[in-house]
Amino acid sequence: MLPTFDPTATEAGSRILEDITSNAGHIQEQVLEEILTKNASTDYLKGFLNGHSDKGLFKNKVPVVDYEDIKIYIDRIALDGEPSRILTNESITELLKSSGTSGGKQKWIPKTAEEGERRAFICCLRDTVLNRYLQGLSDGKALLFVLINPDIHTPGGLVLRTASESEMKNRKDRYPQFILCEDTNQSLYSQLLCGLVQRDAIASVGTYFASGLLRVIKFFEEHWQEMSSNIRTGQMSDWITDPNCKRAVSLILSKQMPDLADSIDLVCQEKSWEGIIKKIWPRTKYVLAIITGSMAQYIPALEFYTGGLPVVSSLYGSSEAFFGINMKPLCSPYDVSYTFIPNMAYYEFLPIDNHQGPNCTNRKDAHLKDHIVDLANVKIGQHYELLVTTFTGLYRYRMGDILLVTGFHNSTPQFKFVQRTNVVLSIHTDKTTEQDLQKAVAIAMQILQPLGFFLLDYSSYADTSSIPGHYVLFWELQLRPNDDTPEFDQVKMEKCCSLVEQSLDQKYKLLRNQSISTIGPLEIRVVKQGTFNVLMDFYVSQGTSLNQYKTPKNIKSEKAIVILDSRVVGKFYSREVPNQDS
Ligand code: AMP
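Everything numeric in this text was worked out from a predicted model, so none of it was measured.

## With respect to the overall build of the protein
Piece 1. Check the secondary structure of the protein and you find 18 helices and 22 strands.
Piece 2. Relative to the compact-globule value of 25 Å for 582 residues, the protein shows a C-alpha radius of gyration of 24 Å, a close match.
Piece 3. C-alpha extents for the protein along the principal axes are approximately 70 × 70 × 45 Å.
Piece 4. The buried share of the protein, taken over its 582 residues, is 58%.
Piece 5. The long-range fraction of contacts in the protein, counting pairs at least 24 apart against all pairs at least 6 apart in sequence, stands at 71%.
Piece 6. Accessible surface, the protein: about 23,700 Å² in total, of which carbon and sulfur atoms supply 51%.
Piece 7. One way to put it: in the protein the 61 positive side-chain charges average out to a point 1 Å from where the 68 negative ones average out.

## Points about the pattern of salt bridges
Side-chain pairs of opposite charge can arise where the charged atoms are in close proximity.
Piece 1. Enumeration according to the criterion identifies 29 salt bridges in this entry.
Piece 2. Of the charged contacts in the structure, one is a salt bridge between Lys-59 and Glu-29, with a shortest N-O distance of 3.4 Å. A residue pair is termed long-range when its members are at least 10 positions apart, and Lys-59 in helix α4 (residues 55-61) and Glu-29 in helix α2 (residues 24-39) qualify at 30 residues.
Piece 3. Given a relative accessible area of 23%, Glu-29 falls into the partly exposed group.
Piece 4. The closest approach of N and O atoms between Lys-38 and Glu-90, which form a salt bridge, is 2.8 Å. With a gap of 52 residues between them, Lys-38 in helix α2 and Glu-90 in the loop between α5 (67-78) and β1 (92-98) connect regions that are remote in the sequence.

## Describing the site of the ligand
Piece 1. Lining the immediate environment of the ligand, one finds 17 residues, of which Ser-99, Thr-292, Ser-319, Asp-401 and Gln-548 sit closest.
Piece 2. Leu-315 is positioned such that a nitrogen or oxygen atom in its backbone is 2.9 Å from a nitrogen atom of the ligand.
Piece 3. Within the contact set of the ligand, a nitrogen atom lies 2.9 Å away from a side-chain nitrogen or oxygen of Tyr-338.
Piece 4. For the ligand, the accessible surface in isolation is 500 Å², of which the surrounding protein chains cover 96%.
Piece 5. Of all elements in the fold, only β9 (315-317), β15 (397-409) and β16 (412-420) reach the threshold of two or more residues within the shell around the ligand.
Piece 6. With three residues, β9 is the single largest residue contributor to the shell around the ligand.
Piece 7. Residue classes in the shell around the ligand are distributed as seven nonpolar, seven polar and three charged.

## Description of the packing of aromatic side chains
Piece 1. Applying the stated criterion to the full structure yields 25 aromatic pairs.
Piece 2. Measuring from ring centre to ring centre gives 6.1 Å for Tyr-316 and Phe-340, while their planes differ by 50 degrees; the resulting arrangement is tilted. Taken together, the residues Tyr-316 in strand β9 and Phe-340 in strand β11 (residues 338-340) connect sequence positions 24 residues apart. Of the two residues, Tyr-316 and Phe-340, both sit in the buried class.
Piece 3. Put simply, the rings of Tyr-316, Phe-323, Tyr-338, Phe-340, Tyr-347, Phe-349, Tyr-384, Phe-415 and Phe-417 pair up and form one aromatic cluster.

## Section: the sheet that holds strand β14 (residues 383-389)
Piece 1. Sheet architecture is open: eight strands sit in the order β9-β10-β11-β16-β15-β14-β12-β13, paired in antiparallel fashion. Edge positions in the open sheet fall to β9 and β13 (373-374), since each of these has one partner strand only.

## Some words on the domain arrangement of the protein
Frequently, the measure chosen for interface size is the accessible area that the parts lose on association.
Piece 1. Each assigned domain of the protein is listed with its residue range as follows: domain 1 (1-137 + 338-421), domain 2 (140-284) and domain 3 (423-573).
Piece 2. One C-alpha centre belongs to domain 1, the other to domain 3, and the line joining them spans 34 Å.

## What to know about unusual backbone geometry
Piece 1. Cis rather than trans, the peptide bond between Ile-467 and Pro-468 has omega equal to -5 degrees.
Piece 2. Mapped onto the secondary structure, Pro-468 falls in the loop between β19 (453-463) and β20 (470-479).
Piece 3. In this structure, Asn-50 is a non-glycine residue whose phi angle is positive, near 55 degrees.
Piece 4. Relative to the assigned elements, Asn-50 resides in the loop between α3 (43-49) and α4.
Piece 5. On the basis of relative accessible area, Asn-50 is assigned to the exposed category, the value being 65%.
Piece 6. A positive phi is found at Asn-410, a non-glycine position, where the angle reads about 50 degrees.
Piece 7. Inspection of the secondary structure puts Asn-410 in the loop between β15 and β16.
Piece 8. Taking relative accessible area as the criterion, Asn-410 reaches 39% and is therefore assigned partly exposed.

## Quick word on the nonpolar core
Piece 1. Ranked by internal contacts, the top residues of the largest apolar core, which has 74 residues, are Phe-145, Phe-220, Ile-231, Ile-277, Ile-280 and Trp-281.
Piece 2. Among the domains, domain 2 (140-284) and domain 3 (423-573) are the pair contributing at least three residues each to this core.
Piece 3. Setting aside residues no more than four positions away along its own chain, Ile-280 makes contact with Leu-196, Arg-199, Phe-220, Ile-264, Val-267 and Cys-268.
Piece 4. In terms of nonpolar packing, the next biggest core, distinct from the first, is built from 68 residues, Leu-49, Ile-77, Ala-78 and Leu-394 among them.

## As for the packing of helix α1 (residues 10-22) against helix α6 (residues 113-133)
In a pair of packed helices, the angle between the axes and the distance between the axes together describe the arrangement.
Piece 1. In the contact formed by α1 and α6, the axes pass within 9 Å of each other and the chain directions differ by 120 degrees. For the element pair α1 and α6, the recorded crossing hand is left-handed. In this structure, α1 contributes Thr-10, Gly-13, Ser-14, Ile-16, Leu-17 and Ile-20 to the contact, and α6 contributes Phe-121, Leu-125, Thr-128, Val-129, Asn-131 and Arg-132.
Piece 2. Residues of the contact of α1 with α6, tallied by class, amount to six nonpolar, five polar and one charged.

## A closer look at the pairing of strand β7 (residues 286-290)
Piece 1. Among the five residues in β7, five count as buried, and that is most of the element.
Piece 2. Taking every second residue as pointing to the same face, both faces of β7 are buried, with Tyr-286, Leu-288 and Ile-290 on one and Val-287 and Ala-289 on the other.
Piece 3. Pairing geometry for strand β6 (residues 202-209) and β7, over four bridges, is parallel. When the sheet's bridge partners are listed, Val-205 is paired in β7 with Val-287.
Piece 4. In this structure, β7 lies alongside strand β8 (residues 311-312), joined through two bridges in parallel fashion. Note that in β8 the partner of Leu-288 across the bridge is Val-312.

## So, the side chain of Ser-498
Piece 1. Relative to the elements of secondary structure, Ser-498 occurs in helix α15 (residues 490-503).
Piece 2. Note on Ser-498: relative accessible area 7%, which makes it buried.
Piece 3. The residues touching Ser-498, leaving out its near neighbours within four places in the chain, are Ser-574, Arg-575 and Glu-576.

Conventions and cut-offs
Residues numbered from 1 in each chain as written. Predicted model: local features only at pLDDT ≥ 70, side-chain atom pairs only at ≥ 80, totals over all residues. Heavy atoms only, no water. Helix = DSSP H or I, 4+ residues; strand = E, 2+ residues; numbered from the N terminus. Rg over C-alpha atoms; globule rule 2.2 N^0.38 Å. Buried < 20%, exposed > 50% of the residue type's maximum accessible area, 1.4 Å probe, protein only. Contact = heavy atoms within 4.5 Å. Areas by Shrake-Rupley, 256 points an atom, 1.4 Å probe, with all protein chains shown as cover. Lys, Arg positive; Asp, Glu negative; His and termini not counted. Charge placed at Lys NZ, Arg CZ, Asp CG, Glu CD. Salt bridge = Lys/Arg side-chain N within 4 Å of Asp/Glu carboxyl O. Near = heavy atom within 4 Å. Polar contact = N/O pair within 3.5 Å; in protein donor to acceptor, adjacent residues only side chain to side chain. Nonpolar A, V, L, I, M, F, W, Y, C, P; charged D, E, K, R; others polar. Phe/Tyr/Trp six-rings, centres within 6.5 Å; stacked < 30°, edge-to-face > 60°. Pairing = 2+ DSSP bridges. Domains from an automatic or database assignment. Core = buried A, V, L, I, M, F, W, Y, C linked by side-chain atoms within 4.5 Å. Axes fitted to C-alpha atoms, helices over the stretch in contact; angles between N-to-C directions. Left-handed = near helix turned anticlockwise from the far one by under 90°.

Given below as structure tokens:
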């Protein structure tokens, strides 16, 4: 039974946090014992453990699996309406739609009421830490932008929603004023309007992932005049017809507020929107958004808009389970590590060769089990792939996330999120990972930053329509102050292409250097402003949740490539063959 406590009473929460992080190894063994005792009789575990709940047997017999391996069990519950006990003896109440890969492919993950309690517990610990570092938070309001889709029911009768929708819908008590509207535009408009009217009461602004906040800012840029006019007249726009939005807005927009409208106009009319969040919400103490892993690409853009406010990446979690919290919420976004909370699930780790990268763990290796390390035995400086065993029916399940151990809090390891295991670009035998690409793009951007550009978003694909194939990067660049049609210097853009190539690994350079080159010169296609929002809308229309959306770094969908290609304003190629000696 997890203890309950009030996160604003930071002493009680801190004591619990110190206590559990001092006993990580012991708690983990208890968690595994509890999971096995509870679930030994499930169809899945019986197949390996024959009804026993012995931990040694579990470590010996239960295989490491991917979603694809267990999909058949989940489908029996989700599609055929078979009982939860196929996988877990907790009762599955919902299925969570996971973005799973950054390619946007969905998985359906079981969720139970008890799991909801565990997540509430870790959120309380997270809030305890935030309250410790940021005094006076509870005196103001948190403006959290959340978008929801309609609930879907599986043929087996279970509700299918995202983790964030589940949180909003199951824990309404946490959100005294919330807007649940399934129309994205009406919802965003109303959330922003409510945030503007209550400008001086807002103590924090946030979304789940950093990319979502940039989307909100873009939307605000397109609609601020209309919102200001609504505030001036005390009347909301006619196109807001959703009853939830109308109700929420009418509660706070009940009179004409010309002074407030004037002050919003003054801020928004400025040519540059640098620091807009701080200017619009002057009492905001921090911005809440996950900015680690694949979100790190948005750090420069977010820093531009936040005007020096700390961007807090507070939690590492997923549809499968919540894992860890950031004990130093005010640290630089580049230094964030997450301390694992040992009573959420049972964690195991597959070591990854620091020199070879994520491809060295053969995904179907029968001996994978022999390499597994438990939470208490991970080593600082080592990379691992995370495996999770949950109360809700996942056993030695590959999360697909690669983590680096950066230190310990008491006896509990702290991890930096490095990347997903997936390779984003591949031609011939080259395999370029998301992290390699992100690093290379960041290095190349150093050419454009002094000219006032920042990279709003990017993606890529391997173009093999001609021989040799080559990598194509789509870049959406923004100039500060904002200029819709910035000019691109041909030489500098070509230099960016070369620098990306120069920053990729030796294998890539080798294939580029061969006398008959196997990979052609890398190409950057600059797309016009707003393109990545259109791409996001496309993926959302295909069923991806906006809250959990992560721009796919490797575009596979032909329709998505057409969307990007139709908005290209400049194409540039590398003019140099990368130097293999550096
Ligand atoms: P979803 O299940 O759709 O919520 O996606 C979960 C995935 O999002 C995780 O497996 C990670 O790859 C990513 N993710 C979640 N939290 C973080 C974080 N704090 N930093 C980086 N990536 C994260």
